Amino acid sequence: MAPHRSAYFLLGVIYLGFVSLGLPDGTLGVAWPSIAAELQLPIGLAGAITIVVTLLSGISGFASGKIVARFRTGPVVLTSCALTGLALLAIAHAPGLAWLMLAAVPLGLGAGAVDAGLNGYVARHYSGRHMNWLHACWGVGATCGPLVMGQAVSLGHGWRGGYLVLGSVQLGLAALFLVTLPLWTRVPERTIAASLDGHADKHPTTPANSFAGWLSPALFALYAALELATGLWAASILVLGRGFTAERAAWCVAGFYGAITVGRILVGFIVERVGNRRVVAFGVALALAGAGAFAFAESPLLAAGSLGLIGLGFAPVYPGLMHEVPRRFAPDAAQTVIGRQSGAAYLGMAVLPAALGWLAQHALGGVVWVLVAGIVVLLLGIRRLDRMT
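Residues numbered from 1 in each chain as written. Predicted model: local features only at pLDDT ≥ 70, side-chain atom pairs only at ≥ 80, totals over all residues. Heavy atoms only, no water.

Counting residues in each nonpolar core, the largest one holds 83 residues, and the members touching the most others are Leu10, Ile14, Tyr126, Phe294 and Phe314. Of all the elements, helix H8 (residues 211–242) adds the most residues to this core, at 12 residues. Aside from chain neighbours lying at most four places away, what touches Leu10 is Tyr121, Tyr126, Leu183, Trp184 and Val187. Counting residues in each nonpolar core, the second largest holds 24 residues, with Ala94, Leu100, Ala104 and Leu166 among its members. (Core = buried A, V, L, I, M, F, W, Y, C linked by side-chain atoms within 4.5 Å. Buried < 20%, exposed > 50% of the residue type's maximum accessible area, 1.4 Å probe, protein only. Helix = DSSP H or I, 4+ residues; strand = E, 2+ residues; numbered from the N terminus. Contact = heavy atoms within 4.5 Å.)

Following this line, the structure appears as structure tokens:
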């Protein structure tokens, strides 16, 4: 197969990989009421399982730089996808809590390695357009996973049937990765050209252990925490703080996630002309405007519109910052930094939303202003990183 054909065929496989990465996200929330009832578990244990998966994903992401450097991306992604598939099948057969917690280990380790490995490969081999569309594929998977589980439950197959389907899909994808394994070495790396913003060097030399090499992961932790916290607490703010019905609040939150997915598709069409850095800076500013509007949104229309603005603003941040890594850091540092960023994102998702839970119990309205302040810090941090690299 010719190199350019290999590149496009493999890109389709990578897109499917990110769809599969999103499939388990949100699925536990749909399945948990049935799981808790059948296994006679406290309803609150879902949070503990989620934290285990998230923390292990973070650890796997941090370690992925050295692992990918030794074994290459293709074999790492193949192994990680197989791990997540087996973990989902294990959940489908779980007789109790211990089994669920044990299955959470390969699920978390596999997800973190797939995330970091695919992000690093796309950042080195494909354009910013494809990086944005890659993360839009995650949104497709995150939407389809709960739908598959809900359908399985409604048709009488139960949560075990839902996890059997999801696990089988993951193992099928692992088989596809196995078949296409030779393609991963045939796609040439892209030349690191100067950024359209005028900041990137043609031969970046910033090392992984520089201040920038740790600032960038810290920004990922903050961004991921803000995204998850917005989706997690927006409905509570609207229902408990502003008197919305649960149905209206659900539509507003769905609009937030829909705006992220649609925004990433749209950004893919313009990012090559505008540049990652400009798109990301504009996105964070738009998210800040949306968060400010959400703080005062008393009507369903304004609430939905402000959450949509936050989602559109957030859309280019993760893929844009990820794709800039090879343009900021030395070639031997890029995968290490990408792994740190992926791991830090998981750790951020495990910490800030939970901390905001404590604040929500005492001052629910204060959650909005923490989100606003967090976006301001994110904007300032990205500007500092741009100046340094």
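Let's shift gears to the packing of aromatic side chains. Taken as a whole and judged by the stated rule, the model has 10 aromatic pairs. With centroids separated by 4.9 Å and ring planes inclined at 75 degrees, the aromatic side chains of Phe220 and Tyr318 adopt a geometry described as edge-to-face. Taken as a pair, Phe220 in helix H8 and Tyr318 in helix H12 (residues 317–323) lie far apart in primary sequence, 98 residues in all. By the burial criterion, Phe220 is buried, and Tyr318 matches it. The interplanar angle of 85 degrees and the centroid separation of 5.2 Å between the aromatic rings of Tyr223 and Phe314 together place this pair among those described as edge-to-face. Of this pair, Tyr223 sits in helix H8 while Phe314 is found in helix H11 (residues 300–314), placing the two residues 91 residues apart along the sequence. Across this residue pair, the class does not change: Tyr223 and Phe314 are buried. (Phe/Tyr/Trp six-rings, centres within 6.5 Å; stacked < 30°, edge-to-face > 60°.)

The phi dihedral of Gln40 is positive, around 55 degrees, even though this residue is not glycine. Mapped onto the elements of the fold, Gln40 is located in the loop between helix H2 (27–39) and helix H3 (45–71). Not every positive phi belongs to a glycine, and Arg72 is a case in point at roughly 75 degrees. Looking at the secondary structure, you find Arg72 in the loop between H3 and helix H4 (73–92). A relative accessible area of 53% means that Arg72 is categorised as exposed.

The next thing to look at is helix H9 (residues 246–274). When the terminal C-alpha atoms of H9 are compared, their 39 Å separation across 29 residues agrees well with the 42 Å that a helix rising 1.5 Å per residue should span. By the largest-angle criterion, Gly268 marks the main kink of H9, which is about 45 degrees. Considered for burial, the residues of H9 that qualify are Ala249, Cys252, Val253, Phe256, Ala259, Ile260, Thr261, Gly263, Arg264, Val267, Gly268 and Val271. Contact partners of the buried residues in H9: helix H6 (128–154), H8, helix H10 (276–294), H11 and H12. Capping the start of H9 is the job of one residue whose side-chain oxygen sits 3.2 Å from the backbone nitrogen of Arg248: Thr245. (Expected span 1.5 Å × (residues − 1). Bend = angle between axes of the 7 residues up to and from the residue. Polar contact = N/O pair within 3.5 Å; in protein donor to acceptor, adjacent residues only side chain to side chain.)

Taken by themselves, the reported measurements are silent on function.
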